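# Summary of the model geometry
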Amino acid sequence: MHKTLYERIGGDAAVSATVIKMYDKILDDQELAPFFDHVDVETLRHSQSAFVTYAFGGPNHYTGKSLRSAHAGAVSQGLNNHHFDLVATHLKSAMQELNVPADLIDEAMGIVSATRPDVLGQ
C-alpha cells in the first residue's frame, strides 16, 4: 500500500513543526509580514496545519475557507506571484531545516505549486 506524503514526512508532528517554522520565517520577511498585521497567527497556524495535513494526504480536518476566499483580502492588498514564491521558498527552507528528504520536499512543492491559481484568484 502506498503511503501518503503526510505519512512519509512524519504525520502530525512533522506538519506542525513545518508550519510553525514556516510562519516564523514568513513573519520575519519584510515583504510578507504586512499581510499578517491583523491576523491571529496562532489560529492561522492551526488552520494551516489542518490544510497541509489534508493537502499532503492526511486526514481531512480542514474546515476553513477555500484557498481563493481565504486569500482574497491579501490579493486585494497586492498579494502576487512574487509573494507566493516567497512563501513557497520559506516552506521549502523549513522542510530542509527539519531534515525532510529532498524527494519529499519536491513532492510537497509540486502540491504547493498547484494551489497558485486558487491562492492568487487567477
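Since the model is a prediction, treat every value here as computed from it, not as a measurement.

## Digging into the packing of aromatic side chains
Considering all chains together, one arrives at three aromatic pairs under this definition. Relative to Phe36, the ring of Tyr23 has its centre 5.9 Å away and its plane inclined at 80°; by these criteria the two rings are edge-to-face. With Tyr23 in helix α2 (residues 11–28) and Phe36 in the loop between α2 and α3 (41–55), this pair connects stretches of sequence that are 13 residues apart. Pair check on accessibility: Tyr23 and Phe36 agree, each one buried. When the centroid spacing of 5.3 Å and the interplanar angle of 75° are considered together, the rings of Phe51 and Tyr62 count as edge-to-face.

## A few points about α2
Between its first and last C-alpha atoms α2 spans 26 Å; for 18 residues at 1.5 Å apiece the expected length is 26 Å, and the two agree. Contacts from the buried residues of α2 go to α1 (5–9), α3 and α5 (81–97).

The rules behind these values
Residues numbered from 1 in each chain as written. Predicted model: local features only at pLDDT ≥ 70, side-chain atom pairs only at ≥ 80, totals over all residues. Heavy atoms only, no water. Phe/Tyr/Trp six-rings, centres within 6.5 Å; stacked < 30°, edge-to-face > 60°. Helix = DSSP H or I, 4+ residues; strand = E, 2+ residues; numbered from the N terminus. Buried < 20%, exposed > 50% of the residue type's maximum accessible area, 1.4 Å probe, protein only. Expected span 1.5 Å × (residues − 1). Contact = heavy atoms within 4.5 Å.

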